Amino acid sequence: MPLHIKSSDQAGIQGNAIFDPIGTNEYIKAAFIHDGWQSNIPIPAPYRFLGTEVDFAKAGIIIRLIRKCEMHTMQWF
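Basis of the calculations
Along each chain, residue indices are assigned from 1 in the same order as the chain's sequence is written. Confidence filtering applies because this is a predicted model: local features only for residues at pLDDT of at least 70, side-chain atom pairs given and counted only at 80 or more, and all residues used for totals across whole chains, interfaces and linings. The basis for every side-chain value is the complete set of non-hydrogen atoms in the structure, without hydrogens or water. Buried Ala, Val, Leu, Ile, Met, Phe, Trp, Tyr and Cys residues form a nonpolar core when they are joined through side-chain atoms within 4.5 Å. For every residue, the accessible area obtained with a 1.4 Å probe (protein chains only) is divided by the maximum for its type, and the residue is called buried under 20%, exposed over 50%, and partly exposed between those limits. Counting from the N terminus, the helices are DSSP H or I runs at least four residues long and the strands are E runs at least two residues long. Contacts are residue-level and defined by heavy atoms, with any inter-residue pair within 4.5 Å sufficient. Note: two strands are recorded as paired if DSSP finds a minimum of 2 bridges between them. What a helix is expected to span follows from its residue count: subtract one and scale by 1.5 Å. Under the rule applied, a polar contact is a pair of N or O atoms within 3.5 Å (in protein, one hydrogen donor and one hydrogen acceptor; residues adjacent in sequence only if both atoms are side-chain atoms). Positive charges come from Lys and Arg, negative ones from Asp and Glu, while His and the chain ends are left out of the count. A pair is scored as a salt bridge if a Lys or Arg side-chain nitrogen falls within 4 Å of a carboxyl oxygen belonging to Asp or Glu.

Participant: Any chance you could break down the nonpolar core for me, citing the residues and the numbers?
Facilitator: Of all hydrophobic cores here, the largest spans six residues; its members are Ile28, Phe32, Trp37, Phe56, Ile63 and Leu65. Of all the elements in the fold, those that place two or more residues in this core are α1 (21-34) and β5 (61-65). Aside from chain neighbours lying at most four places away, what touches Ile28 is Met1, Phe56 and Leu65.

Participant: How would you sum up the pairing of β5? Please name residues and give values.
Facilitator: With three bridges joining them, strand β4 (residues 53-58) and β5 adopt antiparallel strand pairing. By the bridge assignment for β5, Phe56 is matched with Ile63. The antiparallel hairpin formed by β4 and β5 contains two residues in its connecting segment, where Ala59 sits at a positive phi of about 50°.

Participant: Tell me about α1, and name the residues and values.
Facilitator: When the terminal C-alpha atoms of α1 are compared, their 20 Å separation across 14 residues agrees well with the 20 Å that a helix rising 1.5 Å per residue should span. For α1, the full list of buried residues reads Gly23, Thr24, Ile28 and Phe32. With a side-chain oxygen lying 3.2 Å from the backbone nitrogen of Ile22, the N-terminal cap of α1 falls on Asp20.

Participant: Go over the side chain of Asp20 with me, naming the residues and quoting the values.
Facilitator: The topology assignment puts Asp20 in the loop between β2 (17-19) and α1. Buried and unpaired, Asp20 has Lys6 as its nearest opposite-charge partner, separated by 4.5 Å. Side-chain polar atoms of Asp20 contact the backbone nitrogen of Ile22, separated by 3.2 Å. Of note is the side chain of Asp20, whose polar atom sits 3.2 Å from the backbone nitrogen of Gly23. With sequence-adjacent residues up to four places away left out, Asp20 is seen in contact with His4, Ile5 and Lys6.

Below you can see the structure in the form of structure tokens.
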């Protein structure tokens, strides 16, 4: 996976290269979809306390990407 960076607009470091989590997540999403994962599956209303959607699902496994680009997985049996 390529390193995704962007130009900072934060005061004091404007123009410096910083990590781009949006570009990274877009790359990960494209790779998962290419490998047959379903994307952006709505969570049923009774379970909305967990969020509104699951980022990826395939064969009983669900994945939720977090802004820090940590990946959490949960397998349903």
